Every structure is written in structure tokens, then in C-alpha cells.
Amino acid sequence: TGIPVADDLDTSSLETMEEDGSSEVDPHFWFNIDLYKEAMTNVFNILAEMNPDGEAVYKENLDAYFEELDELDDYVENRIDEVPSESRILITPHDAFGYLAASYDIDVHAPQGFSTDSEVSNNQIQNMADLIAERDINAIFLESTTNPDRMKRLQEIVASEGVEVEVVSGEDGTLLSDSLARRGASGDTYISMYKHNIDLIVENLK
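Residues numbered from 1 in each chain as written. Predicted model: local features only at pLDDT ≥ 70, side-chain atom pairs only at ≥ 80, totals over all residues. Heavy atoms only, no water.

Trainee: Help me get a handle on the packing of aromatic side chains, residues and values and all.
Mentor: Within the structure shown, the criterion is met by seven aromatic pairs. Arranged with centres 5.7 Å apart and planes meeting at 75°, the rings of F31 and Y194 form a pair that is edge-to-face. Taken together, the residues F31 in the loop between strand 2 (22-25) and helix 1 (33-50) and Y194 in helix 6 (residues 190-205) connect sequence positions 163 residues apart. Residue classification places F31 among the buried positions, given a relative accessible area of 1%. On the numbers, 6.3 Å between centres and 70° between planes, the contact of Y36 with Y65 is edge-to-face. Of the two residues, Y36 sits in helix 1 while Y65 sits in helix 2 (residues 55-80), which places them 29 residues apart along the sequence. Residue classification places Y36 among the buried positions, given a relative accessible area of 6%. Connected via pairs of aromatic rings, a cluster forms that spans F29, W30, F31, Y36, Y65, F97, Y190 and Y194. Against the face of F66 rests K37, its NZ or CZ located 5.3 Å from the ring centre. It is K195 that lies over the ring of Y75; its NZ or CZ is 4.8 Å from the centre. (Phe/Tyr/Trp six-rings, centres within 6.5 Å; stacked < 30°, edge-to-face > 60°. Helix = DSSP H or I, 4+ residues; strand = E, 2+ residues; numbered from the N terminus. Buried < 20%, exposed > 50% of the residue type's maximum accessible area, 1.4 Å probe, protein only. Lys NZ or Arg CZ within 6 Å of the ring centre and 35° of its normal.)

Trainee: So what's going on with the nonpolar core? Residues and values would help.
Mentor: L90, L100, F141, Y190 and Y194 are the most contacted members of the largest nonpolar core, which totals 42 residues. At nine residues, the largest contribution of residues to this core is made by helix 6. Look past the residues within four positions of Y194 in its chain and what remains in contact with it is W30, F31, I33, L72, V76, L100 and Y104. Counting residues in hydrophobic clusters, the runner-up holds 17 residues, among them I89, A129, L142 and V158. (Core = buried A, V, L, I, M, F, W, Y, C linked by side-chain atoms within 4.5 Å. Contact = heavy atoms within 4.5 Å.)

Here's what the structure looks like:
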């Protein structure tokens, strides 16, 4: 199953970002668990309207799922508490984690903005390299839907300044930002995707 769209969400709760000189709505709302719950409620309402006879079952399933989401929220908070506040700096290729940052006090930086297709200037890469060196960041992260060459390039620039930074990668070692993992892999459901990302971030930043 895919991640639900944000068409019926309360737009006042959505984050905005500056992209190419204009303000755009950040579409990655599913990293805010409360907004994801709102999306699930919208799904419930549509299903109940289309099939009133199934409303009681849909509601029972929704309530059970909300309990799992509350447990997920607690899990995320507890895991992030393992990372010292000064080390909670997440650098990824494109900015898909703004809602995560706002919800759990993480500082997110991405040279590519939130479009996976945008080009990255030499100046953007250099600014990110300077940040890594200045803050002594020990890990940067690849995403499953972005070009890994940009982060490798960033690593090389940082190395030229005498600073080592690990590019977290490999099988099951990339962040899932715009899609779930393939069926049967770590992160093939919403909850396991969220835990996969948080575990990867925490284990490499703490």
C-alpha cells in the first residue's frame, strides 16, 4: 500500500519551504504522526461513506491502528533521546524530513531542497561541507530515491578539508523518504518504515 495523499488535511498544519524563490507546501506530511492519523481518519470516513455496513469494523481497525501509532510516537521519542541534542543534525540529499524535525527537535539540512529532481550548486555543496566540518558531524545519509553521487561528492569535499564523515549506505542502510521498502524488506509498512529510519539515524548519530 502507498502513503496517503494530503488533499484533505488541514493545510494550516502543513509545513512550507522555500524552493526556487517561492514558498511551497512540503508534501512529506507522513513524518508527522498526528497528520498521518488525520489522513487515516479521512480514509475511514471515505470507506464508511462508501460501505456503511462496514463502518463498525473500520472504526475498530482504526482505533487499533491509532494505538500502534501512539506506541510508534513513544518509540521515536525514546530513541531520539539517545542522541545528545548537539548531535541531532540530519544531513540528507533532499529535504524530506522537515516534519520529523519539527516533531522531534532534529536539525535537518539538505543541499537539494525537497525536490528529488533539482540540481545542486557547488555553493550549496560547499556550504554543507562547511557545516559538517564546523559541527563535527560524523555521518550523512543516503535516501532510497535520490542520487548517491551527491553525498559521495560532499564526503570528498569534507575530506579535502581534513574532516572525515561517513556516508551511511548499503543494503537496508538508506533512509526511506518518498516510498516504502520492497515487500518483505525492512520498512515495507508505514510503522516499520518509520522505525527503520529512526533506528538508522539514531545508531549513526549517537
